[in-house]
Amino acid sequence: MQANKTGITLKGSTQMVTEFFGFGLNSILYQRGVYPDDMFTRKEAYGLSILVTSDPKLEQFLKTVLDQVREWLLKKVIKKLVLVMKNVKTEEIVERWVFNIDCEKQVDSENTNSKKELKDIQNEIRAVLRQIIASVTFLPALEDTCTIDVQVYTDKDEETPSCCYESSALLIKDAEQVKFKSFSTTVHKVQGMVEYKVKDDE
Amino acid sequence: MDTLRLDSLPAQQAVPQSRLAKRNSNNKTPSKNPKTPGKSNTPGKPKTPKTPGGDRFIPNRSTTNFQLSSFLLQERSLSNEGLSPMKQENQKIINDHFNIDPNTKILSFRDRAPQPIECLYNSYRFHLKVVINLLSPLLAIDKSLQGATIGSSSVKSSTKRHIPSNSERILDAPEIRNDYYLNILDWSCSNLMAVSLNSHVYVWNATTGGIERLMSLDEGDFVGSVSWMEEADYLAVGTSDGIVQLWDANTSRLIRKMEGHNSRIPSLSWNKYIISSGSRGGQINHYDVRSRNHQVCSTNAHTQEVCGLKWSCNKQYLASGGNDNNLLIWEAQGGQCFTQNAPLQTLSLHQAAVKALAWCPWREHVLASGGGTADKTIRLWNVTTGDCLHSTDTNSQVCGLLWSSQYREIISGHGYAKNHLSIWKYPSMSPLVELLGHSQRILALAMSPDGQTVVSAGADETLRLWKCFAVDPKKARKNEPQLSSKVMMDFTKIR
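Here is what the cut-offs are and how they apply
- Residues numbered from 1 in each chain as written.
- Chains lettered and ligands numbered in written order.
- Predicted model: local features only at pLDDT ≥ 70, side-chain atom pairs only at ≥ 80, totals over all residues.
- Heavy atoms only, no water.
- Helix = DSSP H or I, 4+ residues; strand = E, 2+ residues; numbered from the N terminus.
- Expected span 1.5 Å × (residues − 1).
- Buried < 20%, exposed > 50% of the residue type's maximum accessible area, 1.4 Å probe, protein only.
- Arc of directions from axis to C-beta.
- Contact = heavy atoms within 4.5 Å.
- Axes fitted to C-alpha atoms, helices over the stretch in contact; angles between N-to-C directions.
- Parallel < 35°, antiparallel > 145°, perpendicular 65-115°, else oblique.
- Left-handed = near helix turned anticlockwise from the far one by under 90°.
- Buried area = accessible area lost by both parts, 1.4 Å probe.
- Salt bridge = Lys/Arg side-chain N within 4 Å of Asp/Glu carboxyl O.
- Pairing = 2+ DSSP bridges.

1. Quick word on helix α3 (residues 118–134) of chain A
Residue and element names in this part refer to chain A. Compared with the 24 Å implied by 1.5 Å per residue over 17 residues, the 24 Å span of α3 between its first and last C-alpha is a close match. Residues of α3 that are buried: Ile121, Ile125, Val128, Leu129, Ile132 and Ile133. Angular distribution of buried residues about the axis of α3 spans 140 degrees; they occupy a single face of the element. Each element contacted by the buried residues of α3 is listed here: α1 (10–31), β2 (48–53), β4 (93–103) and β7 (175–184).

2. A few points about the packing of α1 of chain A against helix α2 (residues 56–75) of chain A
Two measures define how a pair of helices packs: the angle their axes make with one another and the distance between the axes. Residue and element names in this part refer to chain A. Close contact between α1 and α2 brings their axes to 9 Å; oriented N to C, the two are set at 150 degrees. It follows from the interaxial angle that α1 and α2 lie roughly antiparallel. Here α1 runs over α2; the crossing is right-handed. Between α1, through Leu10, Lys11, Thr14, Gln15, Val17, Thr18, Phe21, Gly22, Leu25, Asn26 and Leu29, and α2, the contact on the second element is made entirely by Leu58, Leu62, Leu66, Val69, Arg70, Leu73 and Leu74.

3. Quick look at the interface of chain B and chain A
In this assembly, 38 residues from chain B lie in contact with 57 residues from chain A. With both chains or domains summed, chain B and chain A bury close to 4300 Å², and 53% of this area falls on carbon and sulfur atoms. Here chain B is connected to chain A by one salt bridge. With a closest N to O distance of 4.0 Å, Glu331 of chain B and Arg42 of chain A form a salt bridge.

4. Focus on the sheet that holds strand β8 (residues 188–197) of chain A
Taken together, seven strands build an open sheet; the order of strands is β6(A)-β1(B)-β5(A)-β3(A)-β4(A)-β8(A)-β7(A) and the sheet is antiparallel. Across the chains shown, the open sheet's two edge strands, defined by having one partner strand only, are β6 (164–166) and β7 of chain A. Sheet twist, expressed as the average angle between the axes of neighbouring strands with direction ignored, equals 25 degrees. In this sheet, β8 of chain A lies alongside β4 of chain A in antiparallel orientation, the contact comprising nine bridges. Each bridged residue has a counterpart across the sheet, and for Asn100 of chain A the counterpart in β8 of chain A is Gln191 of chain A. Along the sheet, α1 of chain A contacts β3 (78–87), β4, β5 (146–155), β7 and β8 of chain A; its crossing angle with β8 of chain A, the most-contacted strand, is approximately 20 degrees. Across the sheet, α2 of chain A touches β3, β4, β5, β6 and β8 of chain A together with β1 (104–109) of chain B, and the angle it forms with β5 of chain A is around 15 degrees.

5. Things to note about α1 of chain A
Note that an α-helix has 3.6 residues per turn; residues three or four places apart therefore point the same way. All names here are of chain A. With 22 residues, α1 extends 31 Å between its outermost C-alpha atoms, agreeing within 8% with the 32 Å of an ideal straight helix rising 1.5 Å per residue. Of all 22 residues making up α1, 19 are buried, and the element is well covered by its neighbours. Positive backbone phi, at 65 degrees, marks Gly33, one or two positions downstream of α1.

None of the figures reported here should be taken as evidence of function without further support.
Following this line, the structure appears as structure tokens:
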């Protein structure tokens, strides 16, 4: 997955970022209680223990998303990955988890241009995941049943794959925003944030 | 120009558009169409605002900069001369509204994420707030099932239950060691209470009332800690010379001795077949009682005496508190029953020795800890994140903590000045009642297996039994407590 000491290849970086999204999305879904506890099992990653879904349907959905994301990361056309939480009844968007992705366009599949240690990258990733897990403390509780949606922002000229369709942005009115730490593999830089609806004072 | 557009538009729309185009070319005054001044330049354009849905893509009025978007709209129609079909046009407008780079397109996945099951779990999440605020959890469930409103139910049921202010029974405990760091009291699942009095360990059978001396050490040695195994009547005894002894209470026989510490053992905690022991030197050792080479792991993260040691209810975490004022959380990894060499969390907010530790029975990652004389606080922790959820000043050293399994309450045992027990409401940590009786400080607390009675060992050489979590028999019968408490556990986890 990672080339020798010279640096990280596009392929290796893609693998790392995809893996991060896998754990990130899973722990968001668990931490926010979108699905019941018993749909998740504990896994070790980056020295953290992270809850990952074991439900076949949800697993399949995430796999579809991640496979596609991996392809886009390789092509360096992905700009954003957004996880949207929507109230099932009112269709109102209550929370958005946005991951902005910057791709270093100069790196091609063979060359590497970085000297960043794998360990440093993993430390950065761990810090981001910690923040995601810790964010439960400040986010308002999801009071009604919520469902999720994943949106990906890509380059305009990128062909729409069969598993996707073009749509408009799903946004929150008067959202509060909290940015997370970012991490960079030197090929891809990922900056996460969460937007949430501030509760109306009744 | 018209034909070009006709090709790209559906036939239905083509007709009115050409009509409009004609009409528009007749009306030479631009003021006829004041709302979209820019678009009146192009013959095909006036259609745009008239089609249903021309406006519906502006959902976010308050965050939209209208002047800017209006300008952008005009500019676009001027430069593009309205050559693009409706759909693309709309898409562009939306994109402009949300300041999205025009080179970006947004894709959604056709596969839908599975719908969250609309079960008790989800629909009850909302009622959670109510449930924890209520004094009686059983009542709370009933009300939320009936769909009672939040406000009324929480007000109505906040009537106080009766907590007897006197101890139900007093046992004599001569020669009890007045040492804050020791853990000399434990009550087993089979209703046996073990207490160490200096060099002896006595077992009081709470069912029959019989008292038996289980073991004695040589003159000069003393017992630092006792702990019952969960599944069997085996008692682990930590001694002043650093040996963990394992006793069978039914036959009163010593099963084995396990060495490994070179100083006294003030704290013990079981995890299945592993006994974890903390020593005066700050080591925590894990002994496998089944195996010949009993020591499976030894850690050295505390710099001073480990006076508090507790495995969590699900045996996933181990909490250890030391005289170095640190509270460490350890995690059992990979299905093992002992911890790794490095702690998961180091919590250093206490200002004195951390002896009193108790894990929440219904929220697996919530821990309550109490500090010594210089600290006097009870803190609640989320151990997965290391956040301190709550801190309460008790005005007295905290010697023991227990969670009620019957009510959402915590009981704490204290020292100077009042030598009292205090019951706190969870999660608000508002004090409910103080139980007075001991004339010297409380050394340890234990709870009966049915969760109704608490025993406190005082330095005044008495053990006092308090029936402070008694279940109302009427209520218990009505609600089938087993079922209800199961449901409670399922949906009251906050993460």
